[in-house]
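Each chain, letter by letter, is given below.
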Amino acid sequence: MVEYKVKDMSLAEQGKLKIEWAEAHMPVLMMFRKMYRDKKPFKDLRVAAVLHVTKETAVLVKALKDAGADVWLAASNPLSTQDDVAAALVDYGINVFAWRGQSSKEYYWCIKRLAESEPDIILDDGGDFHALLHKEYIEIASRLIGGTEETTTGVIRLKALEKEGLLKYPVIAVNNAYTKYLFDNRYGTGQSTFDGILRATNILVAGKIVVVAGYGWVGRGIALRARGLGARRVIVVEVDPIKALEAVFDGFEVMPMIEAAKIGDIFITATGNKKVIRKEHFLVMKDGAILANAGHFNVEIWIPDLEEVSIEKRRIRENVEEYKLKDGRRLYLLAEGRLVNLVAAEGHPSEVMDMSFANQFMAVKYLYDNRGKLPPKVMNPPYEIDSKIAELKLKTMGIRLEVLTEEQKEYLKSWQLGT
Ligand code: NAD
Ligand code: ADE
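This section reports on the structure supplied with the text.

Parameters and conventions
- Residues numbered from 1 in each chain as written.
- Chains lettered and ligands numbered in written order.
- Predicted model: local features only at pLDDT ≥ 70, side-chain atom pairs only at ≥ 80, totals over all residues.
- Heavy atoms only, no water.
- Salt bridge = Lys/Arg side-chain N within 4 Å of Asp/Glu carboxyl O.
- Helix = DSSP H or I, 4+ residues; strand = E, 2+ residues; numbered from the N terminus.
- Near = heavy atom within 4 Å.
- Polar contact = N/O pair within 3.5 Å; in protein donor to acceptor, adjacent residues only side chain to side chain.
- Areas by Shrake-Rupley, 256 points an atom, 1.4 Å probe, with all protein chains shown as cover.
- Nonpolar A, V, L, I, M, F, W, Y, C, P; charged D, E, K, R; others polar.
- Pairing = 2+ DSSP bridges.
- Buried < 20%, exposed > 50% of the residue type's maximum accessible area, 1.4 Å probe, protein only.
- Core = buried A, V, L, I, M, F, W, Y, C linked by side-chain atoms within 4.5 Å.
- Contact = heavy atoms within 4.5 Å.

Things to note about the pattern of salt bridges
Reasoning step 1: Summed over the entire model, instances satisfying the criterion amount to 33 salt bridges.
Reasoning step 2: Two residues, Lys-286 and Asp-265, come together in a salt bridge whose shortest N-O distance is 3.0 Å. Taken as a pair, Lys-286 in the loop between α13 (279-282) and β12 (290-293) and Asp-265 in the loop between α12 (257-263) and β11 (266-269) lie far apart in primary sequence, 21 residues in all.
Reasoning step 3: Each member of the salt-bridge network shares a partner with another, and the members are Lys-55, Glu-56, Asp-195, Arg-199 and Glu-346.

Laid out in structure tokens, this is it:
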């Protein structure tokens, strides 16, 4: 019997169409799905996934179910669930506990339902599920075959857990696959962050001054797309000297937030850190400045400070909150400071999630095939899987590689030949 709590089961048919669209744009994952549908390698496995409940996640959990797993799904963010997709997945036999607009209590209630299903393998995005198991369900954590982690912030939290000697099971840091972060974090977030900002505001980017906080993989993608959309100036704020230098050589201006705050029209945070934009910055911003976050948690734009400096707040459009300051200036916060690409838009396009979730699928298979043999550590995905996914992705795009000749292979292995 399928267990679930979703917003509205009458949305299922609409959700199925959305999933069909994603399936048509995720050829690598679909290849894995077909490959393991008959063999059912996961037939004795219960998999619990805390991920953004989107049409792309639907393709992943359907693949896991088709491979024999009993799948349980909850949302990794209170505002990112696509309710029609959640309903469609219940019809597909997935146990779903997710709806858009959860309170913090409801969010954890759903994740706890997954913990109590006593999974064998877990998938997480951001580390809340891993943290909950280590805080409140330690026996279940101790019995897990292993887990995976989708994003940079989750990997950082898990490495801290490992460093303290507390991690109870092996974790594959899916985020660290080349076929994940180089594409998903950079091109996926780069495009979908602007998708979210534009759906929420419908503003013109051309002629604007865009400030990007963080020049990691996500920040690089966002800065690149800001330039492509015609921003007049793209300013990067960084704390790491190497990344700051890279931003300069990539053609962007670099300065501290307190200076950028005075001139920016659109601010986008992508650091994985807290209080990146705070009181001192709000106090010097221009009237009409727009604030958006692409980092995992809603702590980068520090909302308690924004509330403190404001005398009035109102919702002016869907996903746009207007904060009025004492002197009449107005600041616009998008998506309540949560991931703007998933709250105000649909997250990354399916084509890029194809690689991220092909990695998730193969990580589950790797953990299962090596059960009992892996230490309780955070591991990068095996390179062979990573490069196989790249090879398959190229193939589905009709792109062929050059092939080394035997002579070239020998040359690359030798030290004798030089000038
Ligand atoms: P990253 O580690 O590559 O980059 C983060 C950068 O932020 C680093 O260069 C760091 O030096 C910089 N930084 C830290 N504190 C700062 C501060 N106070 N001011 C300015 N810069 C600062 O990480 P990433 O892969 O780019 O991920 C960034 C965040 O985005 C994480 O929270 C990650 O989980 C999240 N993420 C979101 C999505 C999405 O769909 N929105 C997708 C992938 C990753
Ligand atoms: N993270 C970013 N985009 C996503 C998507 N489309 N589905 C699931 N997780 C995501």
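Having put the structure on the table, let's press on.
Here we look at the site of ligand 2
Reasoning step 1: Neighbouring ligand 2 are the residues His-52, Thr-54, Glu-56, Thr-57, Leu-342, Glu-346, Gly-347, His-348, Met-353 and Phe-357.
Reasoning step 2: Interatomic distance of 2.7 Å between a side-chain N/O atom of Thr-54 and a nitrogen atom of ligand 2.
Reasoning step 3: Between ligand 2 and the protein, one listed contact pairs a nitrogen atom with a backbone N or O atom of His-348 at 2.8 Å.
Reasoning step 4: Alone, ligand 2 offers 260 Å² of accessible surface; in the complex the protein occludes 96% of this.
Reasoning step 5: For the shell around ligand 2, the secondary-structure elements that each account for two or more residues are α3 (55-66) and α16 (350-369).
Reasoning step 6: Class assignment of the residues belonging to the shell around ligand 2 gives a composition of 3 nonpolar, 5 polar and 2 charged.

Examining the sheet that holds strand β5 (residues 121-124)
Reasoning step 1: With parallel pairing, the 8 strands of this open sheet are ordered in space as β1-β4-β3-β2-β5-β6-β7-β16. Single-partner strands in this sheet number two, and they are β1 (4-5) and β16 (378-379).

Remarks on helix α4 (residues 83-91)
Reasoning step 1: Taking burial as the measure, the 9 residues of α4 include 8 buried ones, the bulk of the element.
Reasoning step 2: Three or more residues of α4 are buried, namely Asp-83, Asp-84, Val-85, Ala-86, Ala-87, Ala-88, Leu-89 and Val-90.

Re the nonpolar core
Reasoning step 1: Phe-42, Leu-64, Leu-89, Leu-123 and Phe-361 are the most contacted members of the largest nonpolar core, which totals 54 residues.
Reasoning step 2: Per-element accounting of this core gives the leading share, 11 residues, to α16.
Reasoning step 3: With near-sequence residues (within four places) excluded, Leu-89 lies in contact with Ile-19, Ala-58, Val-61, Lys-62, Leu-73, Ile-94 and Val-96.
Reasoning step 4: Within the second largest apolar cluster, 30 residues are counted, among which are Ile-222, Tyr-332, Leu-334 and Val-340.

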